[in-house]
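Coordinate inspection notes
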Amino acid sequence: METAICGRIALSPNQVLSPKSGDKHSLSRGPWISRGILMALSATGSGKGGGLLERPIIEKTTPGRESEFDLRRSRKTAPPYRVILHNDNYNKREYVVQVLMKVIPGMTLDNAVNIMQEAHYNGLSVVIICAQTDAEEHCMQLRGNGLLSSIEPASGGC
């Protein structure tokens, strides 16, 4: 590795080049200067922050596993799905509100009450619009808690 030490250039641990002004091998002229020496000089220049740059860390993924970036991109481009709550004659209204708040992330009491009432009076209500995998998970959780639910592709955006 090449480094600069007080006007001298160390080419290897045993070789040191000390250019003198007017010397035909000085740093200011001559074809012998390689990019490596110039890069070493700029990387080890005087002043604060001088030093060698560290090698960048490259994330390697295992086959069949996508990186976080790829997962975010695929979720953004996935078509949206509606999770639908159906009215039933078995569960009390308060229980339906509790399940909605437990299963759906970020569900407020007011939203849960409105969804429950819409399903009660109209027969069904849209709970949330999200990616297909999330919609399937929410639907299964609602069903696991005794509520009738289904999913369907959303025709519009989220």
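Report on the accompanying structure. (Residues numbered from 1 in each chain as written. Predicted model: local features only at pLDDT ≥ 70, side-chain atom pairs only at ≥ 80, totals over all residues. Heavy atoms only, no water.)

Before going further, it helps to examine the packing of helix 3 (residues 93-103) against helix 4 (residues 109-122). Packed helix pairs are characterised by how far apart their axes lie and by the angle those axes make with each other. For the pair helix 3 and helix 4, the least separation of the axes is 9 Å and the interaxial angle reads 130°. Accordingly, the angle class assigned to the pair helix 3 and helix 4 is oblique. Handedness of the crossing formed by helix 3 with helix 4: right-handed. In this structure, helix 3 uses R93, V96, V97, L100 and M101 to contact helix 4, whose residues at the interface are L109, A112, V113, I115, M116, H120 and Y121. Of the residues contributing to the contact of helix 3 with helix 4, the split by class is 10 nonpolar, 1 polar and 1 charged. (Axes fitted to C-alpha atoms, helices over the stretch in contact; angles between N-to-C directions. Helix = DSSP H or I, 4+ residues; strand = E, 2+ residues; numbered from the N terminus. Parallel < 35°, antiparallel > 145°, perpendicular 65-115°, else oblique. Left-handed = near helix turned anticlockwise from the far one by under 90°. Contact = heavy atoms within 4.5 Å. Nonpolar A, V, L, I, M, F, W, Y, C, P; charged D, E, K, R; others polar.)

In the structure shown here, the tally under the stated rule is 1 salt bridge. E152 serves as the salt-bridge partner of R82, at 3.1 Å between the closest nitrogen and oxygen. With R82 in strand 4 (residues 80-86) and E152 in strand 6 (residues 148-153), this pair connects stretches of sequence that are 70 residues apart. Relative accessible area serves as the criterion here: at 32%, E152 is assigned to the partly exposed category. (Salt bridge = Lys/Arg side-chain N within 4 Å of Asp/Glu carboxyl O. Buried < 20%, exposed > 50% of the residue type's maximum accessible area, 1.4 Å probe, protein only.)

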